Amino acid sequence: MASKPLTNHLLYISGGARSGKSRYAEQRALALTGPRRYIATCPVIDDEMAVRIDRHQQRRADQGWQTIEEPVDLVAALDASRDSAVVLIDCVTLWINNLLYVAETEQQTLDEDAIHRLTLQMIDAARQGQRTVIFVSNELGMGIVPADALSRHYRDLIGRCNQTLAAHADEAVFLVSGLPLSLK
Ligand SMILES: Nc1nc2c(ncn2[C@@H]2O[C@H](COP(=O)(O)OP(=O)(O)OP(=O)(O)O)[C@@H](O)[C@H]2O)c(=O)[nH]1
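Just so you know, these numbers come straight off a predicted model, no measurement behind them.

Scoring rules and cut-offs
Residues numbered from 1 in each chain as written. Predicted model: local features only at pLDDT ≥ 70, side-chain atom pairs only at ≥ 80, totals over all residues. Heavy atoms only, no water. Near = heavy atom within 4 Å. Polar contact = N/O pair within 3.5 Å; in protein donor to acceptor, adjacent residues only side chain to side chain. Areas by Shrake-Rupley, 256 points an atom, 1.4 Å probe, with all protein chains shown as cover. Helix = DSSP H or I, 4+ residues; strand = E, 2+ residues; numbered from the N terminus. Buried < 20%, exposed > 50% of the residue type's maximum accessible area, 1.4 Å probe, protein only. Pairing = 2+ DSSP bridges. Right-handed = clockwise from strand over helix to strand, strands pointing away. UniProt positions renumbered as here; feature names shortened; annotations may be inferred. Contact = heavy atoms within 4.5 Å.

**Description of the site of the ligand**
In step 1: The ligand sits among 20 residues. The nearest are Lys21, Ser22, His56, Glu69 and Asp90.
In step 2: One nitrogen or oxygen atom from the main chain of Gly20 is found 3.0 Å from an oxygen atom belonging to the ligand.
In step 3: Here Ser22 contributes a side-chain N or O atom positioned 2.6 Å from an oxygen atom of the ligand.
In step 4: A total of 660 Å² of accessible area belongs to the ligand in isolation, and the protein chains cover 92% of it.
In step 5: Elements with a contribution of two residues or more to the shell around the ligand: α1 (21-30), β2 (36-40), α2 (47-60) and β3 (65-69).
In step 6: Element by element, the count of residues in the shell around the ligand is highest for α2, at five residues.

And the structure:
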């Protein structure tokens, strides 16, 4: 039976690719009562991605989710979701990817301090209202050092953002091979 949403609860979930973090995040959201909002940051860049997204959408069908597709402005998406009892953001990694793309296109730099500030703004927006907000992110940087500077920069931005989210979250969980490991 679904339980009541926790009041103003921030849950941070990280893990590697296909570690089961999206499914775990959805299960946590489904365990709570009230309107559910899914904020997807993933741009549809090719057919393979479209198939993946379709699989996700089919999994969420008939589970009472409302979906917002927002690649960049997560503060606005969170503000637009104030009526929801549970908001799931999947995923922070692609949000940073999209921010980096915008910065590159506009020939601006996106450094770690900027990411830290943007992450704090997002946390502040998430803290508005009586609701649970779940952030899903990838744990990068556990493999070999990327050969090119942009990939190394991207990896560092994600690491900094993840640290900020984990520090401010009420609860942090790391998914390993489909199993949740409680960090906090
Ligand atoms: N645009 C869009 N993206 C979606 C939607 N639903 C899910 N996604 C995206 O699907 C992505 C996750 O899909 P996968 O690549 O299959 O998952 P994964 O992160 O590799 O694997 P897990 O760790 O098992 O979750 C997330 O970045 C979501 O933003 C949707 O309705 N629209």
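**Re the pairing of strand β4 (residues 86-90)**
In step 1: Of all the five residues making up β4, five are buried; the element is thus mostly covered by neighbouring parts of the structure.
In step 2: Because side chains alternate across β4, one face comprises the buried residues Val86, Leu88 and Asp90, and the other comprises Val87 and Ile89, equally buried.
In step 3: The sheet contact formed by β2 and β4 spans five bridges and is parallel. If you follow Ala40 over to β4, its bridge partner there is Asp90.
In step 4: Where β4 lies against strand β5 (residues 132-138), five bridges are found, and the strand directions are parallel. The residue of β5 that forms the bridge with Val87 is Val133.

**Structural notes on the pairing of β3**
In step 1: Pairing between β2 and β3: five bridges, direction parallel. By the bridge assignment for β3, Arg37 is matched with Gln66.
In step 2: With respect to chirality, the unit in which β2 leads through α2 into the neighbouring parallel β3 is right-handed.

**Focus: the UniProt feature "binding site: GTP" (unreviewed entry) in the chain**
In step 1: With numbering aligned to this structure, UniProt lists the feature "binding site: GTP" (unreviewed entry) at Gly15, Gly16, Ala17, Arg18, Ser19, Gly20, Lys21, Ser22, Glu69 and Asp90. The greatest C-alpha distance among the residues just named is 22.5 Å, and with 76 residues of sequence between them they are spread in space as well.
In step 2: Relative to the elements of secondary structure, Ser19 occurs in the loop between β1 (9-15) and α1.
In step 3: Apart from residues lying up to four places away in sequence, Ser19 is in contact with Leu175, Ser177 and Gly178.
In step 4: A distance of 2.8 Å separates a polar side-chain atom of Ser19 from the backbone oxygen of Gly16.
In step 5: Mapped onto the elements, Lys21 comes out in helix α1.
In step 6: Judged by relative accessible area, which is 9%, Lys21 ranks as buried.

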